Amino acid sequence: MDAAATSDDPVVEVRGVSKTYADVEALRNIDLDFARGKLTTLLGPSGCGKTTLLKIIAGLIPASSGEVRVNGRVVTGPGPERAFVFQDFALMPWATVMRNVAFGLELRGVSPAERRRVAMQYIEKVGLAGFEDKYPHELSGGMRQRVGIARAFAVNADVLLLDEPFSAVDEQNRRKFQEDLLRLIEIEKKTFIFVTHSIEEAVYVSDRIVLLSPRPGRVSQVIDPDIDRSASPDDIRRAPAYLDTVEEIWDGLRQYAD
Ligand SMILES: Nc1ncnc2c1ncn2[C@@H]1O[C@H](COP(=O)(O)OP(=O)(O)OP(=O)(O)O)[C@@H](O)[C@H]1O
């Protein structure tokens with residue numbers, strides 16, 4: 001199931017990216033392509049540089065060497081074609097769900113009526129209709145997460161960067177989100193780059209999984225799970241292809257376990 005780390009129709013191209021923070025070498029010579037309409041997961045031991053790579057792609061921090069291209073253009077900072085969903089959702093506590101979801105559009109100068117219309121669409125898509133006038137503290141962790149996802153979708157970015165977006169929710173909600181995510185990928189045809197610690201989650205949602213080695217992070221394996229996602233969630237989790245892929249990744253990561 002190993003595949004080349006580069007592909008034919010890449011939206012995001014990472015070339016020779018290395019990153020050193022002061023005296024910590026976080027990433028070494030990463031080459032990866034991320035294809036349109038696909039979800040790629042970065043998986044690897046704690047501290048291997050997953051978040052660092054995501055932030056470099058987002059343009060939030062510079063690489064020490066190498067470059068990232070998005071739609072053929074070299075990344076020099078954040079851009080409207082990329083949206084980042086943070087681990088802690090980064091919602092504005094003083095703003096309603098509607099304002100939070102519409103915030104990216106507000107920054108772009110979209111008119112109030114239009115941003116309300118677009119934001120409402122995504123509030124409905126993530127199942128928060130009726131909550132648009134609530135504030136973040138009035139929502140559960142899972143609902144706050146949905147606000148973060150709706151906000152990322154509302155700006156209509158080509159590339160969605162998700163840093164452990166489901167880590168703060170319980171297992172039941174996590175499974176629901178995974179299904180929502182698969183549905184949104186189907187509808188939206190965007191390029192998703194996802195960071196998680198959960199092997200099962202990675203196999204469940206990903207078209208491609210990139211295993212990174214411990215610091216300095218390098219690409220150690222690329223796995224394309226061959227999973228029939230038209231099956232029911234329970235059937236997918238019982239399918240031999242799913243279970244074999246989980247096992248294959250365990251084997252790949254076991255060598256790094258303490
Ligand atoms: N701003 C920073 N300054 C110095 N070192 C940093 C900084 N950010 C990250 N690092 C270091 O770089 C390495 C990679 O960190 P990063 O957060 O990218 O890893 P990660 O794979 O996302 O980890 P985790 O799975 O634990 O979230 C770690 O050793 C971390 O301590």
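Residues numbered from 1 in each chain as written. Predicted model: local features only at pLDDT ≥ 70, side-chain atom pairs only at ≥ 80, totals over all residues. Heavy atoms only, no water.

1. Let's talk about the site of the ligand
1) Next: S46, K50, T52, H197 and R215 are the nearest of the 13 residues found near the ligand.
2) Next: Within the backbone of C48, one N or O atom sits 3.1 Å away from an oxygen atom of the ligand.
3) Next: A distance of 2.9 Å separates an oxygen atom of the ligand from a polar atom in the side chain of T51.
4) Next: Calculation on the ligand without its partners gives an accessible area of 630 Å², and the protein chains cover 62% of this total.
5) Next: Only β2 (24-35) and α1 (50-58) provide two or more residues apiece to the shell around the ligand.
6) Next: Looking at the shell around the ligand, the element that brings in the most residues is α1, giving three residues.
7) Next: Within the shell around the ligand, the residues separate by chemical class into four nonpolar, six polar and three charged. (Near = heavy atom within 4 Å. Polar contact = N/O pair within 3.5 Å; in protein donor to acceptor, adjacent residues only side chain to side chain. Areas by Shrake-Rupley, 256 points an atom, 1.4 Å probe, with all protein chains shown as cover. Helix = DSSP H or I, 4+ residues; strand = E, 2+ residues; numbered from the N terminus. Nonpolar A, V, L, I, M, F, W, Y, C, P; charged D, E, K, R; others polar.)

2. Some details on the sheet that holds strand β5 (residues 73-74)
1) Next: Strand order in this open sheet of four strands is β2-β1-β4-β5, and the pairing throughout is antiparallel. At either margin of the open sheet sits one strand with a lone partner, and together these are β2 and β5.
2) Next: Where strand β4 (residues 65-70) lies against β5, two bridges are found, and the strand directions are antiparallel. Across the sheet, residue R69 finds its bridge partner in β5, namely V74. (Pairing = 2+ DSSP bridges.)

3. A few points about the nonpolar core
1) Next: By size, the foremost hydrophobic cluster in this structure holds 52 residues, and its most contacted members are L43, V101, L181, F192, V203, I209 and I249.
2) Next: With seven residues, helix α4 (residues 141-154) is the largest single contributor of residues to this core.
3) Next: Not counting chain neighbours up to four residues away, the residues in contact with V101 comprise A119, I123, V147, A150, R151 and A154.
4) Next: If you look at the next biggest cluster of nonpolar residues, it comprises 25 residues, including V11, F34, L42 and L212. (Core = buried A, V, L, I, M, F, W, Y, C linked by side-chain atoms within 4.5 Å. Buried < 20%, exposed > 50% of the residue type's maximum accessible area, 1.4 Å probe, protein only. Contact = heavy atoms within 4.5 Å.)

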